[in-house]
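The lines below spell out each chain.
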Amino acid sequence: GAVSGSLGCFAYLRRQSLIGDVVSHASLLGIVGAFWLAYLVTGEGNKSLWILIPGAIVIGVAALLLTRAVTTTTRIKEDAGLGVMLAIFFGTGLLLLRWMQRSNPPIPGRTGLDDYIFGMAAAMTWDDLWMIGGLGILSLSLMLLFWSRLKVLTFDPKYAAGLGLSVRWLELLMLCLMVIGIVIGLQIVGVVLMIAMLIAPASAARQWTRHLGPMVTLAAVIGGLSAALGASISAAGDHLPTGPVIVVIVSVVFLISILLAPGRGLLVRGWRHVA
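Here the structure is a predicted model, which is why all the values come from computation and not from measurement. Every chain begins its residue count from 1, and numbering advances along the sequence as written. Thresholds applied to this predicted model are a pLDDT of at least 70 for local features of residues and 80 or more for the giving and counting of side-chain atom pairs; totals over whole chains, interfaces and linings are not thresholded and use all residues. Note: side-chain values were computed over all heavy atoms of the structure, leaving out hydrogens and water.

**Structural notes on the overall build of the chain**
Within the chain one finds 14 helices and 0 strands. Helices and strands in the chain line up, N terminus first, as α-α-α-α-α-α-α-α-α-α-α-α-α-α. Here the globule rule is a power law, 2.2 Å times the number of residues to the power 0.38, and the radius of gyration is based on C-alpha atoms. For 275 residues, the compact-globule estimate of 2.2 N^0.38 gives 19 Å, and the C-alpha radius of gyration of the chain, at 20 Å, lies within 12% of that figure. For the C-alpha atoms alone, the extent of the chain along its principal axes is close to 70 × 50 × 35 Å. Remark: exposure states derive from per-residue accessible area (1.4 Å probe, protein chains only) relative to the maximum for the residue type, with buried under 20%, exposed over 50%, and partly exposed in between. Each of the 275 residues in the chain was classed as buried or not, and the buried ones make up 45%. Considering only residue pairs separated by 6 or more positions, the chain has 70% of its internal contacts joining residues 24 or more positions apart. All accessibility values rest on the Shrake-Rupley procedure with a 1.4 Å probe; residue burial counts only the protein chains present in the view. Total accessible area computed for the chain in this model is approximately 13900 Å², and 68% of it derives from carbon and sulfur atoms. Strands are runs of DSSP state E lasting at least 2 residues, helices are runs of H or I lasting at least 4, and numbering of each runs from the N terminus. Note on definitions: a residue-residue contact is assigned when non-hydrogen atoms from the two residues lie within 4.5 Å.

Now the structure itself:
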């Protein structure tokens, strides 16, 4: 929650929120494809995140790079290109998933792959947590290491190029960081709802501050606390799926921010107008 919330600030400020939706849906193809490839190599199904997450990262980055190639070589706009890639990659992932589930003879270990559509936190293991934590720390460390460069790129790419910065490589780095921030939460929230963990904390944090540093920090706090509270409520209740509970909580925080944030909140501005 903290990783996706902080990295989502850059997508929000650059008006690239749809990127998160494309990556999360395209990642299903990477997960299923990595599982199938591991089965072809070893003869056994393996649902370890150490195998599935790299596949999701590769496919997520590939979907974004292919979108960029299409939009720069044709007259297709970026939003249309992203929509097309979402449909192609997600549809192909669903097709491969259904084929493996109905294959005869059955593929060992194939059950449970469809949990990635809506998330299944209860299926996580300690190895999965190490994988998620390691990638999260890596992505946040890279964000802090290249903070000044990413900040300039976010607000003024032309100025960044004028300073001699490698805009192309910084763009690729930012895309990779956002992909990592998305795929590490797929088992918990699922490909359908993961976009909320990327954009909702950033959107809520933006209502409370005008500066990038506090915005990223606040978004990380909102995402992390929402995930922790959602997981706790899900564990304490009966038949409460973790992913949707987390998304509901972060959505409530977003609505509160929209209504009550000083300076930007709708109720606050309405009260000032009446007064």
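**Describing the packing of aromatic side chains**
Centre distance within 6.5 Å is the pairing criterion for rings of Phe, Tyr and Trp, where only the six-membered ring of Trp is used; planes under 30 degrees apart are then read as stacked, over 60 as edge-to-face, and the remainder as tilted. The tally for this structure, following the rule as stated, stands at 2 aromatic pairs. Seen in terms of ring centroids, Phe10 and Trp147 are 6.1 Å apart; in terms of plane orientation they differ by 75°. Their pairing is edge-to-face. Residue Phe10 is found in helix H1 (residues 2-13), and its partner Trp147 is found in helix H7 (residues 147-155); the two are separated by 137 residues along the sequence. Taking relative accessible area as the criterion, Phe10 reaches 2% and is therefore assigned buried. Taken together, a centroid distance of 5.6 Å and an interplanar angle of 75° make the contact between Trp36 and Trp99 edge-to-face. With a gap of 63 residues between them, Trp36 in helix H2 (residues 17-42) and Trp99 in helix H4 (residues 78-101) connect regions that are remote in the sequence. Taking relative accessible area as the criterion, Trp36 reaches 30% and is therefore assigned partly exposed. Take Trp99: its relative accessible area is 47%, and that puts it in the partly exposed class.

**Quick look at the side chain of Thr67**
Mapped onto the secondary structure, Thr67 falls in helix H3 (residues 49-73). Residue Thr67 is classed as buried on the basis of its relative accessible area of 4%. Here a polar contact is recorded for every N or O atom pair within 3.5 Å, except that within protein the pair must consist of a potential hydrogen donor and a potential acceptor, and residues adjacent in sequence are included only if both atoms are side-chain atoms. Among the polar contacts listed, one links the side chain of Thr67 to the backbone oxygen of Ala63, at a separation of 2.7 Å. Leave out the neighbours within four places in its chain, and Thr67 touches Glu78, Gly81, Leu82 and Met85.

Such coordinate-based values are descriptive only and should not be taken to indicate function.
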